[in-house]
Amino acid sequence: LDAIHATKSLEADQHYLGCTNRPYQALKYQDGLGVVPQLKNILDHPDQIRLLFYNGMNDLICNHVGNELLLQKLPWTKSEQWTMAPRYAWHLQQVDTAHEESTTSIVAACVQEFDNLMYLKIPNSGHMVPMDQPEISLQMIRTFLHKESFQSSQQELQSDLPSRTSCDEEAE
């Protein structure tokens, strides 16, 4: 502890214990249960309830590749259409700090969007997207709440349908 200058914690009789906060204690019984059946029910609901998923592209805790694969394998009625839907870049205007009068268009997210399911991958952000990219996060929530689209410019990507195994079995 001397090497990291943390001896004062010992003097104060403080000892680290992981996962001791109240939210963790209240929700720990749900760990590992999964939410695929609930997601399927929401996506297939006749009211077309909109779902927004987002990840920081530098997130080491919840990686965007794994979450994208989960969404591609969700066993809802429009899964194939969502998986094959075109990908987009979502652009925002950012004020140029050197020239306050001018703005620059930035890619705020890579987007996959079809019907009531939206997935955004936010560049230059990790696990805490709102802390890493507060302006983009605010505009993302505003866009979602105002039922606007994230589709600014279409990307030229080929899409293939993934094999459907794990999520189908879990939903049954």
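Residues numbered from 1 in each chain as written. Predicted model: local features only at pLDDT ≥ 70, side-chain atom pairs only at ≥ 80, totals over all residues. Heavy atoms only, no water.

Chemist: I'd like a description of the environment of Leu69, backed by residues and values.
Modeler: Within the fold, Leu69 resides in helix H4 (residues 64–73). A sequence separation of 14 residues divides Leu69 from Thr83, and the C-alpha atoms of the two residues are 9.7 Å apart. (Helix = DSSP H or I, 4+ residues; strand = E, 2+ residues; numbered from the N terminus.)

Chemist: I'd like to hear about the pattern of salt bridges, residue by residue, with values.
Modeler: A side chain with one charge can pair with a side chain of the opposite charge if their charged atoms come near. Under the definition given, this model contains three salt bridges. Residue Lys40 pairs with Asp44 through a salt bridge whose shortest N-O separation is 3.2 Å. Assessed through its relative accessible area of 28%, Lys40 is described here as partly exposed. (Salt bridge = Lys/Arg side-chain N within 4 Å of Asp/Glu carboxyl O. Buried < 20%, exposed > 50% of the residue type's maximum accessible area, 1.4 Å probe, protein only.)

Chemist: Any details on the side chain of Ser137? Residues and values, ideally.
Modeler: When you line up the elements, Ser137 lands in helix H7 (residues 134–145). Of note is the side chain of Ser137, whose polar atom sits 3.4 Å from the backbone oxygen of Val129. Once residues lying within four places of it in the same chain are set aside, the contact partners of Ser137 are Val129 and Pro130. (Polar contact = N/O pair within 3.5 Å; in protein donor to acceptor, adjacent residues only side chain to side chain. Contact = heavy atoms within 4.5 Å.)

Chemist: Explain the sheet that holds strand S5 (residues 153–154) residue by residue, including any values.
Modeler: Sheet architecture is open: five strands sit in the order S1-S4-S3-S2-S5, paired in mixed fashion. Whereas interior strands pair on both sides, the edge strands pair on one side only; in this sheet they are strand S1 (51–56) and S5. As judged from the two bridges shared by strand S2 (residues 87–95) and S5, these two strands associate in the antiparallel manner. Residue pairing in the sheet places Tyr88 in a bridge with Gln154 of S5. Relative to the sheet, H4 contacts S1, S2, strand S3 (103–114) and strand S4 (117–122), its axis offset from that of S4 by approximately 165 degrees. (Pairing = 2+ DSSP bridges. Axes fitted to C-alpha atoms, helices over the stretch in contact; angles between N-to-C directions.)

Chemist: A description of the packing of aromatic side chains should follow, citing residues and the corresponding values.
Modeler: If you walk through the whole model with that rule in mind, you get one aromatic pair. With 5.0 Å between their ring centres and 85 degrees between their planes, Trp90 and Phe150 make a pair best called edge-to-face. With a gap of 60 residues between them, Trp90 in strand S2 and Phe150 in the loop between H7 and S5 connect regions that are remote in the sequence. A relative accessible area of 4% places Trp90 in the buried class. You can call Phe150 buried: its relative accessible area is 0%. (Phe/Tyr/Trp six-rings, centres within 6.5 Å; stacked < 30°, edge-to-face > 60°.)

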